[in-house]
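Inside the fold
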Amino acid sequence: MLRERILAALAPRRTVHAHCDIPCGIYDPHGAEIAAKTVSKMVALIQDGWAEGGRVEPGSQADLEVRNKVIRCVKVKEEHAELCKRELQVLWSDYFKPEHLEKHPDLHDRFWKALKQAGKCKQSVDAAAAAELEAQVARIADVFWETKGGRPS
Amino acid sequence: MIVVGESMRPTLEPGDWLLVDPDAYQRRAPRARELIVAPDPRDPARVLVKRVAAVDLDGRLLLAGDDREASTDSRTFGAVEAGAVQGRAWFRVRPLGRFGPVR
């Protein structure tokens, strides 16, 4: 108590800013999570389209439309898997610091695996692979929010 | 002065107490590598602590934070007139574990 009062009396009156315009608060794992969810959704839509394609007459207009839908979904899956990688890479290289790694020694491994998993989702149409990507991104988000002192409510 | 912000890590940590010598540059100009205190050119009411990265031919200073990724400095606001510098940060009082001259 006394020590605190003495310190308060002695404390400098002026502040000097080691300033940065860009607050670390601009980083957020939400982008990666949304991208991973989109990949999952596209896998489901591609599988639906493929099943539908089996029921229409080959070479018909309906067949063409179904193929078009499937190809569009493949394109979105590809783009969002790439976006997911990009979002993860920004967190990895720009947000996380050596002191975070000290507390979470498996951080590099988590990122490496999640980035590889995003690649797997591009190569395949596999609901389990997409779910695994979502889970791996969620684990990175958990670490992120732990470094922030908890998820915003 | 008390340090606020992280742009000078690991040299200066937020909360460090510094002694600033206001007469350090009465007789000579700031030199590269020194830690100086100067008003933010974009908001002169705010005082910055940065490292002199270089002195240009006209005697103006290029300032940089030690943690480049967490620093807004001459890369954003350009060179600072040497005459605007208010002093040299030279000694850390707190925390006691890192008591001593800063460089």
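Keep in mind the model is a prediction, meaning the values are calculated, not measured.

1. Looking at the side chain of Arg51(B)
Residue and element names in this part refer to chain B. If you trace the backbone, arginine 51 turns up in strand E4 (residues 43–55). A polar side-chain atom of arginine 51 sits 3.3 Å from the main-chain carbonyl oxygen of arginine 103. With near-sequence residues (within four places) excluded, arginine 51 lies in contact with Met8, Thr11, Arg33, Glu34, Leu35, Leu62, Leu63, Ala64, Asp66 and Arg103.

2. Concerning the layout of surface pockets
Taken as a whole, the largest pocket encloses approximately 200 Å³ of empty space. If you go around the largest pocket, the residues you meet are Ser93(A), Asp94(A), Phe96(A), Lys97(A), Pro98(A), Glu99(A), Glu6(B), Arg9(B), Pro10(B), Asp66(B), Asp67(B) and Glu69(B). Here the lining of the largest pocket is built from residues that sort into three nonpolar, one polar and eight charged. Approximately 170 Å³ is the volume attributed to the second largest pocket.

3. Looking at the side chain of Arg92(B)
Residue and element names in this part refer to chain B. Secondary-structure assignment places arginine 92 in strand E7 (residues 87–94). Taking relative accessible area as the criterion, arginine 92 reaches 7% and is therefore assigned buried. With near-sequence residues (within four places) excluded, arginine 92 lies in contact with Thr11, Leu12, Asp16, Trp17, Leu18, Arg98, Phe99, Gly100 and Val102.

4. Digging into the packing of aromatic side chains
We describe a pair of aromatic rings using the distance from one ring centre to the other and the angle between the two ring planes. All names here are of chain A. Tallying each qualifying case throughout the model produces nine aromatic pairs over all chains. Ring geometry for tryptophan 92 against phenylalanine 111: centres 5.3 Å apart, planes inclined by 5°, an arrangement best described as stacked. With a gap of 19 residues between them, tryptophan 92 in helix H3 (residues 61–95) and phenylalanine 111 in helix H5 (residues 107–123) connect regions that are remote in the sequence. Under the relative-accessibility criterion, phenylalanine 111 is labelled buried at 0%. Centroid distance phenylalanine 96 to phenylalanine 111: 5.6 Å. Interplanar angle 70°. Geometry classified as edge-to-face.

How each quantity is defined
Residues numbered from 1 in each chain as written. Chains lettered and ligands numbered in written order. Predicted model: local features only at pLDDT ≥ 70, side-chain atom pairs only at ≥ 80, totals over all residues. Heavy atoms only, no water. Helix = DSSP H or I, 4+ residues; strand = E, 2+ residues; numbered from the N terminus. Polar contact = N/O pair within 3.5 Å; in protein donor to acceptor, adjacent residues only side chain to side chain. Contact = heavy atoms within 4.5 Å. 1 Å grid on protein atoms, 1.4 Å probe; cavity = no way out; pocket = protein on both sides within 12 Å on 5 of 7 lines; lining within 4 Å. Points joined across faces, edges and corners; volume = space filled by probe spheres on them. Nonpolar A, V, L, I, M, F, W, Y, C, P; charged D, E, K, R; others polar. Buried < 20%, exposed > 50% of the residue type's maximum accessible area, 1.4 Å probe, protein only. Phe/Tyr/Trp six-rings, centres within 6.5 Å; stacked < 30°, edge-to-face > 60°.

Shape descriptors only; they carry no functional weight alone.
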